Amino acid sequence: MASPEFYNLNLEPVETGSLTFPKAKELVSLLQTGVLSYAKLVTCCAYGNKEAVILDIEPEVPQHPAIDINFLERIAIIFEISDTSHQEVLALRKNFPVVPHTNSVLEGTPISLCLYQAKYTDLKYKWTAGAFLQQLHFWLNRTVRGELHDAEQPLEQIFFHPLRVLSFLRPCFQTMMEVLLINLLSVSQERHREKPL
């Protein structure tokens, strides 16, 4: 099997010791301990008012997965100095599947995972690196089984964002257009046959 292609975020790697955001430092420290067997630090980056921690994580992939989640996924966690919203969690594999519980992004950019339903203000002061990685692992484990989205749960904003809707539904639209064209051609041919000479 060919190695997966990853998005290049065009960021300059930095030494782990040069990170300054407390939550980014806590996440790196936890990854460096090796306590969590399913997550490994890849690199760290810093740019402007953001710091990024890039890691490899191993979901529990069943023999017959419902969704194309790999045995190892590369994820970028983006922290902002303001710490006013959830960390951005980017799946860096280029062919990562479009699934529910993701945030709206432009086509051709990494899929942004939505790990929490709760507002960040409700979680900010309880946030720990361990709980964050457990939530990421849980998200991947449930997604690969097709169990993350509860059937009784309402649709999220992803389905109302035009960029994501077009990307998500493009195959459906293409099929619908093909059916429409076939029907139009059929009707046109029928009318042509019915015309008197």
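Parameters at a glance
- Residues numbered from 1 in each chain as written.
- Predicted model: local features only at pLDDT ≥ 70, side-chain atom pairs only at ≥ 80, totals over all residues.
- Heavy atoms only, no water.
- pLDDT = per-residue confidence, 0-100.
- Contact = heavy atoms within 4.5 Å.
- Helix = DSSP H or I, 4+ residues; strand = E, 2+ residues; numbered from the N terminus.
- Salt bridge = Lys/Arg side-chain N within 4 Å of Asp/Glu carboxyl O.
- Buried < 20%, exposed > 50% of the residue type's maximum accessible area, 1.4 Å probe, protein only.
- Expected span 1.5 Å × (residues − 1).

Looking at the confidence of the model for the chain
Low pLDDT means the predicted atomic positions in that stretch should not be read closely. Residues with a pLDDT of 70 or more make up 75% of the chain, whose mean pLDDT is 82. pLDDT under 50 marks residues 155-181. Its contacts with residues more than four places away, or in other chains, come to 26 contacts.

As for the environment of Thr84
Locating Thr84 in the fold gives a position in the loop between strand E4 (73-80) and strand E5 (88-91). Taking C-alpha positions, Thr84 is 7.2 Å from Tyr120, a pair spaced 36 residues apart along the chain.

Focus on unusual backbone geometry
Phi is positive for Asn10, close to 55 degrees, though the residue is something other than glycine. Locating Asn10 in the fold gives a position in the segment before strand E1 (13-14). Backbone geometry places His101, a non-glycine residue, at a positive phi of 65 degrees. Assignment of secondary structure puts His101 in the loop between E5 and strand E6 (102-103).

Focus on the pattern of salt bridges
Any two side chains of opposite charge can pair if their charged atoms end up close together. Considering all chains together, one arrives at seven salt bridges under this definition. The salt bridge partner of Glu73 is Arg93, with a shortest N-O separation of 2.7 Å. Of the two residues, Glu73 is situated in strand E4 and Arg93 in the loop between E5 and E6; the sequence distance between them amounts to 20 residues. In this pair, the class of Glu73 matches that of Arg93, namely buried. Taking the shortest distance from any N to any O, the salt bridge between Glu147 and Arg142 comes out at 3.6 Å.

Some words on helix H3 (residues 129-144)
The end-to-end C-alpha separation of H3 is 23 Å, in line with the 22 Å expected for 16 residues at 1.5 Å each. Here the buried face of H3 lies against helix H1 (22-33), strand E3 (50-57), E4, E5, E6 and strand E7 (111-113). Directly beyond the C-terminal end of H3, a positive phi value near 70 degrees is found at Gly146.

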